[in-house]
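Summary of structural features
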Amino acid sequence: MPAYHLVRKDGSPGVTLVNMGVGPSNAKTITDHLAVLRPHVWLMIGHCGALRRTQRLGDYVLAHAYLRDDNVLDDVLPPSIPLPTIAEVQLALTKAVQEETGIDQSQLKQHLRTGTVVTTGDRNWELRFEQIAKRLNQSRAIAIDMESATVAANGYRYRVPYGTLLCASDKPLHGEIKLPGMADAFYQERVGQHLAIGLRTIDLLAKEADAGTLHSRKLRSFGEPLFR
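Anyway, here's the lowdown on the structure attached to this text. (Residues numbered from 1 in each chain as written. Predicted model: local features only at pLDDT ≥ 70, side-chain atom pairs only at ≥ 80, totals over all residues. Heavy atoms only, no water.)

**Some remarks on the state of the cysteines**
Under the defined criterion, the tally for this structure stands at zero disulfides. Lacking any disulfide linkage, cysteine 167 is separated from the closest cysteine sulfur, that of cysteine 48, by 7.2 Å. (Disulfide = S-S within 2.5 Å.)

**Regarding helix H1 (residues 24–35)**
The end-to-end C-alpha distance of H1 is 16 Å, a good match for the 16 Å that 12 residues give at a rise of 1.5 Å each. Looking at H1, one finds that the buried residues are Pro24, Ala27, Ile30, Thr31, Asp32 and Ala35. In the core, the buried residues of H1 are packed alongside strand S2 (13–18), strand S3 (42–50), strand S5 (112–120) and helix H4 (148–158). (Helix = DSSP H or I, 4+ residues; strand = E, 2+ residues; numbered from the N terminus. Expected span 1.5 Å × (residues − 1). Buried < 20%, exposed > 50% of the residue type's maximum accessible area, 1.4 Å probe, protein only. Contact = heavy atoms within 4.5 Å.)

**Observations regarding the pattern of salt bridges**
One pass over the full model with this rule turns up eight salt bridges. Arginine 68 is the partner of aspartate 74 in a salt bridge, and the nearest nitrogen-oxygen pair spans 3.7 Å. Look at aspartate 74 and you get partly exposed, because its relative accessible area is 21%. On the basis of relative accessibility, which here comes to 4%, the residue arginine 68 falls in the buried class. Linking glutamate 99 and arginine 200 is a salt bridge whose minimum nitrogen-to-oxygen distance equals 2.6 Å. (Salt bridge = Lys/Arg side-chain N within 4 Å of Asp/Glu carboxyl O.)

**Remarks on helix H3 (residues 129–139)**
Listing the buried residues of H3 in full gives Ile132, Leu136 and Ser139. Around the axis of H3, the buried residues are gathered within 60° of arc, so they sit on the same side. Across H3 from its buried face, at more than 90 degrees, point the exposed residues Glu130, Lys134, Asn137 and Gln138. Check the buried side of H3 and you find it contacts strand S4 (60–69), S5 and strand S6 (141–145). Just past H3, the residue arginine 140 takes up positive phi, approximately 60°. (Arc of directions from axis to C-beta.)

**A word on the environment of alanine 65**
Locating alanine 65 in the fold gives a position in strand S4. We classify alanine 65 as partly exposed; its relative accessible area is 27%. Residue contacts for alanine 65: discarding those within four places in its chain leaves Thr85, Gly115, Thr116 and Val117.

**Re the nonpolar core**
Soluble, globular proteins show a tendency: their nonpolar side chains are buried together. Counting residues in each nonpolar core, the largest one holds 43 residues, and the members touching the most others are Tyr162 and Leu165. Leaving out residues up to four positions away in the same chain, tyrosine 162 has contacts with Val41, Trp42, Tyr66, Leu83, Pro84, Ile86, Val89, Ala152, Gly155, Tyr156 and Leu219. Membership of the second largest hydrophobic core comes to eight residues, among which are Leu51, Leu67, Ile132 and Leu136. (Core = buried A, V, L, I, M, F, W, Y, C linked by side-chain atoms within 4.5 Å.)

**Let's talk about the pairing of S3**
Summarising the sheet, S3 and strand S7 (residues 162–170) pair through eight bridges and their orientation is parallel. Across the sheet, cysteine 48 pairs through a bridge with alanine 168, a residue of S7. With two bridges connecting them, S3 and S6 associate as antiparallel partners. Pairing of glycine 49 across the sheet is with isoleucine 144, part of S6. (Pairing = 2+ DSSP bridges.)

What follows is the structure, given as structure tokens:
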């Protein structure tokens, strides 16, 4: 998996960007390997299918909950175990979106949707929509992808703070699919901004880490000491 490393001026670790590709198996593999390095935080910054009619292509999705239909971690972390969101990460992502987009606070909810993200292991899930429609509706899901819940689940499992910010690249349930021409225009407009938001978030969270306020007690079991 291609990776790009930015170190600080003093030579200490800074930010690593990893292109994990597509699918929950890739997401599990890379986070298994990253976890042993004890990162302060990891973020899933990627694209998703928007599930609500009111969403627009290019809008952002901040995951507040995850529906795990990826199945790759079920043996070690049952899907019935809830994945809590990490407040510090959620706040930093929201602030970074506002700063990088310049959207006024009063208009932010029109461009940044919060809610449940579904992660599926089936790239052609639309072909069996009738089978999963009830589950999507019951979960109140707003977006679907193939990696986010896997990344979050491994973050929870390994006690690494995690967060997810996705960008709606298509609306498969409403006839707005990502055709080649649309994709080119979409990527040119959004990829740079999305990356800038992720880097700004890391900058904000680095201050939390330096202050010792990032590593949440939510991720530790009863009587478990802090890793750092």
